[in-house]
Each structure stands twice: as C-alpha cells, then as structure tokens.
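Fold and contact review
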Amino acid sequence: MPLEFSSPPKRICILRLSAIGDTCHTVPVVRAIQRAWPQTELTWLVGRVEHELLAGLEGVEFLILDKRRGFAGYRDVRRRLRQRRFDVLLNMHASMRANFASLLVAADVRVGMDRARARDGQWLFCNRRIPARPRQHVMDGLFEFARALGIEPGEPRWDIPLSEDDRAFASQHIDGSVPTLVISPLTGQRLRNYRNWRAERYAAAADHASRQHGARVLLCGGGTRLESDYGREICRQARCGIVNLIGKTTLKQLLALLERATVLLCPDSGPAHMATAVGTPVVGLYATSNRHRTGPYLSQHLVADGYPRAVEQAFGRGVDEIRWGRRVRNPGAMDLISVADVVQKLDAAFSERAPNPGPDRPADTAASSRGVSG
C-alpha cells in the first residue's frame, strides 16, 4: 500500500551512494518526485565519485559520503545533518555502508527494500518496505520507491546537467556529421574481469563499424593501468584509426561524449547507463549477468546476450531455474559472445540512429525498445 500524506512531504532524503549505473537509475525516481511534488525539498546522500557525474542536478541538495575518509567521512555527513529532520528517508541502497549512513538521517518514515532485496540486514534500519516484485530490472525496482509515495514514475527522464565546456570537449572529438562508435571496453574493476570481452574482438568490431558504417571510433574508460593497457592493445590490433581517450576524460566529459555518439559498445558497466540517460543506443555485452536485470534500460533489443548459455554451462540449469540476477563468475563466459553476434547488433544500432549534430537530439524511448522483464 502506498504511504498516505495529507499534503506533500516538505523534506525527503534519498540514500543511494553508488555505483555509477545505480545512481543513473535513481535519477528518474528523483525526477518523478519533482514532477509530482515540485515544492518538496530533496536531499541526496551520495558517494564522492558518483557526485562528480550528478553535480548540479536541478532541485537537489547533495551530501557527499567520501568512503576514502573512513569514519571521518561519516562524521562529515553527521555534522551536516545535525539538527535536521526529514519527513521521509528513501533508503535505495542495500549495503552495510548504506545502513550505517542511514543512521545519520533523522526521519519519521524510513522506506527500504523488500526482504528479498534488502541485503546486509537493511530491513533492520527501515520501518517501511517497497513491495516484493520478483524478476524486475534494477531501475524498475527503484521506481517502486516512487510508487511507495503514491507517485507513478511515468517515462524515465534524466536531464543530468553538462556545462558548455563539457560539450565543447565532446565536439572537439566527435564530428556531428560522421557516425561515431564509442567503445568503453572494461568495467574498470580488477576483481571483475569476468565481465570483459577480448581486446582482439573489440578491435574487430571497431574495424567493422569503420568499414561498414564509415564510423569514427573512440575508446573511453578510467585511468587504471589495466584499462590503459587494454586500450593500447585494442588500438594495436585494429586496422582502423582509433582515438584513444582512456584515462583522459572526467565523468561529465564522458557523458558529453556519449550524448554526441551514435552508438556505445560496452560490457555490463556504468557507461551503459550513462548512455541510456542521454538517449544513445547501447550495444551491451552480457554473458556474466542477466540483461533483463542490469542491461541498458532502453536498449535491451541491442544486447549481445550470452547469459543463457553461460548459465547452462556453469550451473547446468536454465535462467528461470536460478536465483534472479545470479552472476556467472567465469572469465571464459564472455567468449560465448562472438564478433558476429556483436556485428549484427551494431548494424541494428547504426540503422536506428543518425549521426548526432549536438545535444538537442531527442531520446528514443519507445516502449518496444525496452524489452525489460516484469
């Protein structure tokens, strides 16, 4: 049952610390609340890195929890929240770190995940729960927080702000008259390399995009040594010229590049959801995770999906017979996605989207593009 309010709450605190993809999923919930209750003050408790992307979000006060500072980071938040009280806390992050952070927020109503999704005992820190709805996409699950307030989320809207400098940076690298493929090849997490596709396969996909679609190809990613080495290997093996921007962009600049790009190619990672936020088609590479749960929300039809075969090989069962969202932690699983699989999806993506001359391109949010599981 939705919460009942005699009038819209004056102050709501949203708790979603990380990661990049999940904070992107949270923005449409924020926009839905703003649309329904424009006078309600919204405060978002968020991680430092994620704030770099979301900074300037209209109508939102951010409180940053910097995990690098350890307990000092919690003290900083406590100091800023001292003598403040909220009508509602939306605890949209199930983790022990978020549980501790929630203790710093004084609120009468504390809404958390349903028991199945409330990891690390989150239900002990909340007095209301969203309904248990199995087999949802992560963003659909977060939309339940809006519905818990009696708000129907409607079509997702992001409008993450970018500066003129961010867009000028993007325009220096992406000519609006030429198709552009951006490749973000890695998750950027050394312990999760089971999500990553082979460098030589990325190179083959880049060559196809260049040859078949006349596309310019850019590489983007973080500044770790792993990502830098991977980018150099892709460039070495590709026959087409590739602009290597790995380690050379801020999150805002990356978002601006994705806004101008024709297509993004990437594994299960934050850039997939950043591109979705700016209406750019995503060819997602999913073999270790279920695209219906974590795939690009508006590009489900463009996902190269090796997950069903990976699940069969790893567990000897079908996707419907295992826990929802269970990951396949086998580095060889991504080899189930062939270059031919990806080329087919790239051709479909390029046929959908003309080169983007600037930031005013309308996002394609057709329901047929979603294909998300209910």
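Anything mentioned here points back to the structure above.
Everything numeric in this text was worked out from a predicted model, so none of it was measured.

1. Thoughts on the overall build of the protein chain
On a plain count of helices and strands, the protein chain comes out with 13 helices and 12 strands. For 374 residues, the compact-globule formula gives about 21 Å, and the C-alpha radius of gyration of the protein chain, at 21 Å, lands near that figure. Projecting the C-alpha coordinates of the protein chain onto the three principal axes gives extents of approximately 60 × 50 × 40 Å. The 374 residues of the protein chain split such that 56% are buried. Put simply, 64% of the contacts in the protein chain that link residues at least 6 apart link residues at least 24 apart. By element, 48% of the accessible surface of the protein chain is carried by carbon and sulfur atoms, the whole surface being about 16,400 Å². Separation of charge centres in the protein chain, based on 54 positive and 39 negative side chains, amounts to 6 Å.

2. Describing the side chain of His 137
Residue position: His 137 is located in the loop between strand 6 (128-129) and helix 5 (138-148). A polar atom in the side chain of His 137 sits 3.0 Å from the backbone nitrogen of Met 139. For His 137, the side chain forms a polar contact with the main-chain oxygen of Gly 295, separated by 2.7 Å.

3. Remarks on the sheet that holds strand 10 (residues 263-267)
Pairing is parallel across the open sheet formed by 6 strands, whose spatial order is 9-8-7-10-11-12. Taken across any chain shown, the strands that pair with only one partner, and hence form the sheet edges, are strand 9 (242-244) and strand 12 (304-305). Sheet topology note: the strand 11 (residues 282-286)/strand 12 ladder contains 2 bridges and is parallel. Looking at the pairing, Leu 285 lines up with Ala 304 of strand 12. Contacts between helix 8 (residues 225-237) and the sheet are confined to strand 8 (216-219) and strand 9, with strand 9 contributing the most and set at about 165° to the helix.

4. What to know about the packing of aromatic side chains
Taken as a whole, this structure holds 3 aromatic pairs when the rule is applied. Plain terms: the ring middles of Trp 197 and Tyr 202 are 5.2 Å apart, the flat faces sit at 90° to each other, and that makes the pair edge-to-face. Both residues of the pair, Trp 197 and Tyr 202, belong to the buried class. The ring of Trp 123 has Arg 115 lying over it, and the distance from NZ or CZ to the ring centre is 3.8 Å. Lying across the ring of Phe 315, Arg 326 places its NZ or CZ 3.8 Å from the centre.

Analysis parameters
In this convention, every chain numbers its residues from 1, walking through the sequence in written order. Local features in this predicted model are restricted to residues of pLDDT 70 or higher, and side-chain atom pairs are both shown and tallied only at a pLDDT of 80 or more, whereas totals for entire chains, interfaces and linings draw on every residue. As a rule here, side-chain values cover all heavy atoms of the structure and leave hydrogens and water aside. Helix and strand assignments come from DSSP, with helices taken as H or I runs of at least 4 residues and strands as E runs of at least 2, each series counted from the N terminus. Both definitions apply: the radius of gyration is a C-alpha atom measure, and the globule rule equals 2.2 Å times residues to the power 0.38. The rule is simple: take the accessible area with a 1.4 Å probe, protein chains only, and divide by the maximum for that residue type; under 20% is buried, over 50% is exposed, in between is partly exposed. Residue contacts are counted whenever heavy atoms from the two residues lie within 4.5 Å of one another. Every accessible area reported is derived by Shrake-Rupley at a probe size of 1.4 Å, with residue values counting cover from the shown protein chains alone. Charge assignment: positive for Lys and Arg, negative for Asp and Glu; neither His nor the chain ends contribute. Lysine's charge is taken at NZ, arginine's at CZ, aspartate's at CG and glutamate's at CD. The term polar contact refers here to a pair of N or O atoms within 3.5 Å; inside protein, the definition further demands a hydrogen-donor-capable atom paired with an acceptor-capable atom, and it admits residues adjacent in sequence only when both atoms are side-chain atoms. For two strands to be treated as a pair, DSSP must find no fewer than two bridges joining them. Fitted lines through C-alpha atoms give the axes, limited to the stretch in contact for helices. The angle between two N-to-C directions lies from 0 to 180 degrees. For this analysis, a ring pair means two rings from Phe, Tyr or Trp (six-membered ring only for Trp) whose centres lie within 6.5 Å, classed as stacked if their planes differ by under 30 degrees, edge-to-face if by over 60, and tilted for the remaining angles. Look at NZ for Lys and CZ for Arg. If either is within 6 Å of the ring centre and within 35 degrees of the ring normal, a charge sits over the ring.

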